[in-house]
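Geometric and topological summary
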Amino acid sequence: MGSVTTIETKNATAIPGAALTASIPVEGMTCASCVARVEKAIRAVPGVTSASVNLATERADVRFDGTTKTVDIVKAIENSGYAAAEESIELAIEGMTCASCVARIEKALKAVPGVTQANVNLATERASVRLTKGIATVASLEEAVRAAGYDAKRITGDENTDEEAEKREREGRRLSRSLLVAAALTLPIFVLEMGSHFIPAVHDFVMNNIGMQESWYLQFVLTTLVLFGPGLRFYQKGIPALLRLAPDMNSLVAIGTAAAWGYSVVATFASGLLPEGTANVYYEAAAVIVTLILLGRVLEARAKGRTSEAIKHLMGLQAKTARVLRDGETMEIPLADVHSGDTVMVRPGDRVPVDGTVIDGSSYVDESMITGEPVPVEKFAGADVVGGTINKTGSFTFRATKVGADTVLAQIIRMVEQAQGAKLPIQSLVDKVTAWFVPAVIAIAAITFAIWLIFGPDPALSFALVNGVAVLIIACPCAMGLATPTSIMVGTGRAAEMGVLFRKGEALQTLRNAEIIAVDKTGTLTKGRPELTDLDTAAGFERDDVLTLVAAVETRSEHPIAEAIVEAAKKEGLTIAAPADFEAVPGFGASASVNGRSVHVGADRLMTKLNLDVSAFADQAARLGSEGKSPLYAAIDGKLAAIIAVADPIKETTPQAIRMLHDLGLKVAMITGDNRRTAEAIAAKLGIDEVIAEVLPDGKVAALKRLKADGRAVAFVGDGINDAPALAEADVGLAIGTGTDVAIESADVVLMSGDLLGVPNAIALSKATIRNIKENLFWAFAYNAVLIPVAAGALYPAYGLLLSPIFAAGAMALSSVFVLGNALRLRRFRGVVAQTPGAR
């Protein structure tokens, strides 16, 4: 497969009838037939007038009219057997306030030639753009966003996170100052106007000491200061958006407050222009609306900050400096200056700065941030260490192998950020609604104004103004825009803290639908390496003596069973002698002389050949057979000495994980290459529902297809090494990580703990997150569906009730805070494994 990269596109803006050209390098062409194939494919694109492909320069020069998009040309080349080179770009977006902003920016980005996908996240304030290299540039993307009325800057990954955090804090402080100023100016307005209506003493004070007209003058001054001081931001964003015929939430606030203020100004300074009896002022409504919405923005900013605490926590695990040995001297340098190959020194209590391999010294390192295991791990020469983990007692020196963006911690942070910025399928409904939401609200407000003006009671103009403004202010596209991304941010962040990495955000929604959890046996259910599990001795023999002699014989064998026996003897501190006269008998076993003693190890066939009766171990052999283990026997100096079993042991956490999956109502299927008897014995022991045994390595995909045949959603759990095709075939692929190898490309989810316990937690968290998203969406949609008609005066004919614009502003501000608060509940998710009876 070749790759296509557009280098030059002239007259990129499509103009119907205009002649456009593009120069597209095509890689992978080897002969004239390749040239002909590419030319034919390009010429078949509607609007292409000519296509010339040069084999020597590997370039396609294309002429086309304004009805053709360059992306269609690239797709044509792809369809002819070549792949277009694509890249992903992250943009930081400034100025977004609601879901309408999201829809508008996405539309602008998708309109840029070469962009194949664009997702904008209101909560993270980022845009993820997928584009064909060369056609779209970063500059063209940033310009498209600016043309839509917002600011954009590419995120390269080298940004100083402290500066970014400080920038957010500055914005938060600026909002808080604006809120304080607005509140201080609004309070006297509110007291003067509303106090006069509801408190006789205040009314008397105003009339006797200030005067009604003078009170209006004072309110005019204070309200003008509020609107064009702290409230100016709404006009600076909302009016240009309105003029572009792309109104957003700022536009709603600007129209509503300007209408209330403007009407009040006319009533104050030119009341003769208004119908008799309608000369009322609504300064307090305009000022209070701005103040309450600023309050909502402040609360929203604080809540947004808490949604990204998981990322902050992960970033906080990174060391700031490293002690590096250079030119024979030890120096402390910033983490960014550490290079691969550097010799790094770690003292007791230090945080390991980068990934590497120990070359000298030993210690115990707390790796709980990676594996979730609280017990420190011993480190010695040759052992791997991970940046961000904490050294405990000793000190050691290691060689840096991965630095910067290549470290495990950096990979984890990158995965979490990508998952947090994902757009789930459930978001599609929100996108469709928000595309027309603000224009629809403006239309409803205009209709409300007209109906009240024509059919309302006297003073009709006042009723029309109040209800029209209430409709504009009550509408809340913010809540709809924040409903999904905030839950995703908190959910994926909480998952990372629990050792579950969602590499693809879509898996967060898909995983909850899984009905069958298919698991690979070796390395997933089991430890993935044979171990000595049983050694029962006959009368007159000591266990340590037998193990020492048998291990001595097995030192000469390369069989995995032999390695397991030798490893067991070493772990128990036994001294293994060198064997003599070693002989391997294929199909039977092995024999040797050890310290003058004759030792035979093998199957029952070998014992029969030696005329030894193994019936004394009949009960043990039956038990081992029921467990799926094949017994071996040892004979020493011509006497039956022991029965031995070596197996790949089940992980200690596996039975608990299987029980938890059953508690979630899921079926568990095991896929293994073992013989059926062994597989069914393990399945019976663990309570596994379905067994697919004797599967060759390349047969796992077919096994998964069989499980999916009746429409059931299947999640597959593998070790990520030889399970890549199966992980890709499953509806959701979960890879058991090793703690240090987390970048498993075929998996949708990576379980860093290295055991199955992460699976029920991942599924439970998926269900909790989607449930949280649905709660948020229900609130956001129900809020607008119910309160917009109320604001329009739907309850007035029957109950005489109207919604004041002030209460509308308060409700609008609190709606976003409610959605964010609900999403933040996911931070308290504890997981099914850790639950106690009665816990949530």
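All values derive from a computational prediction rather than experimental measurement.

1. Considering the UniProt feature "transmembrane region" (unreviewed entry) in the protein chain
In this numbering, the UniProt entry assigns the feature "transmembrane region" (unreviewed entry) to residues 178-196, 216-232, 252-274, 280-299, 433-455, 461-484, 777-796 and 802-821. Strand forms 0% of residues 252-274 and helix 78%; the C-alpha atoms that close the span are 24 Å apart. End C-alpha atoms of residues 802-821 are separated by 29 Å, and the span's content is 85% helix alongside 0% strand.

2. What about the nonpolar core?
In terms of nonpolar packing, the biggest core is built from 141 residues, with L109, F502 and I517 touching the most fellow members. Element by element, the count of residues in this core is highest for helix α27 (residues 758-792), at 15 residues. One finds A569, L574, A634 and L640 within the second-largest nonpolar core, a separate group that totals 38 residues.

3. Some remarks on the side chain of E142
Relative to the helices and strands, E142 resides in helix α4 (residues 138-147). Buried within the structure, E142 lacks any salt-bridge partner; R146 is the closest side chain of opposite charge, at an N-O distance of 4.3 Å. The contacts of E142, once residues within four sequence positions are left out, are L91, A152, K153 and R154.

4. Side note on the pattern of salt bridges
The tally for this structure, following the rule as stated, stands at 17 salt bridges. In this structure, D342 engages R326 in a salt bridge whose closest nitrogen and oxygen atoms are separated by 2.7 Å. Highlighted residues: D342 in the loop between β12 (329-334) and β13 (343-346) and R326 in strand β11 (residues 321-326), separated in sequence by 16 residues. A relative accessible area of 12% means that D342 is categorised as buried.

5. What to know about the packing of aromatic side chains
If you walk through the whole model with that rule in mind, you get twelve aromatic pairs. Between W779 and Y783, the ring centres sit 6.0 Å apart and the planes meet at 35°, which makes this aromatic pair tilted. Of this pair, W779 and Y783 both sit in helix α27, four residues apart, which is roughly one turn of that helix. The exposure class assigned to Y783 is buried, which follows from its relative accessible area of 5%. With 4.4 Å between their ring centres and 35° between their planes, W779 and F818 make a pair best called tilted.

6. Let's talk about the sheet that holds strand β32 (residues 749-751)
Spatial strand order, β20-β32-β31-β30-β21-β28-β29: seven strands in an open sheet with mixed pairing. Across the chains shown, the open sheet's two edge strands, defined by having one partner strand only, are β20 (500-502) and β29 (690-692). Adjacent strand axes in the sheet meet at a mean angle of 20° when their direction is disregarded. Sheet analysis places β20 next to β32, joined by three bridges and oriented antiparallel. Of the residues in β32, the one forming a bridge with V500 is L751.

7. Things to note about the confidence of the model for the protein chain
Summing up the model confidence of the protein chain, the mean pLDDT is 82 and the portion of residues at 70 or higher is 88%. In this model residues 1-17 is a low-confidence stretch, pLDDT under 50, and it forms 53 contacts with partners more than four residues away in sequence or in other chains. The model gives residues 834-840 a pLDDT under 50, and that stretch makes three contacts with residues more than four places away or in other chains.

8. A look at helix α19 (residues 543-554)
The terminal C-alpha atoms of α19 lie 16 Å apart, and with twelve residues this matches the ideal 16 Å at 1.5 Å per residue to within 8%. With nine of its twelve residues buried, α19 lies for the most part within the structure.

9. Observations regarding the sheet that holds β11
Taken in spatial order, the six strands of this open sheet run β12-β11-β13-β19-β14-β17, and their pairing is antiparallel. If you trace the sheet from one side to the other, it starts and ends with β12 and β17 (384-385), each paired once. With six bridges joining them, strand β14 (residues 355-361) and strand β19 (residues 396-402) adopt antiparallel strand pairing. When the sheet's bridge partners are listed, G356 is paired in β19 with A400.

Thresholds applied
- Residues numbered from 1 in each chain as written.
- Predicted model: local features only at pLDDT ≥ 70, side-chain atom pairs only at ≥ 80, totals over all residues.
- Heavy atoms only, no water.
- UniProt positions renumbered as here; feature names shortened; annotations may be inferred.
- Helix = DSSP H or I, 4+ residues; strand = E, 2+ residues; numbered from the N terminus.
- Core = buried A, V, L, I, M, F, W, Y, C linked by side-chain atoms within 4.5 Å.
- Buried < 20%, exposed > 50% of the residue type's maximum accessible area, 1.4 Å probe, protein only.
- Lys, Arg positive; Asp, Glu negative; His and termini not counted.
- Salt bridge = Lys/Arg side-chain N within 4 Å of Asp/Glu carboxyl O.
- Contact = heavy atoms within 4.5 Å.
- Phe/Tyr/Trp six-rings, centres within 6.5 Å; stacked < 30°, edge-to-face > 60°.
- Pairing = 2+ DSSP bridges.
- Axes fitted to C-alpha atoms, helices over the stretch in contact; angles between N-to-C directions.
- pLDDT = per-residue confidence, 0-100.
- Expected span 1.5 Å × (residues − 1).

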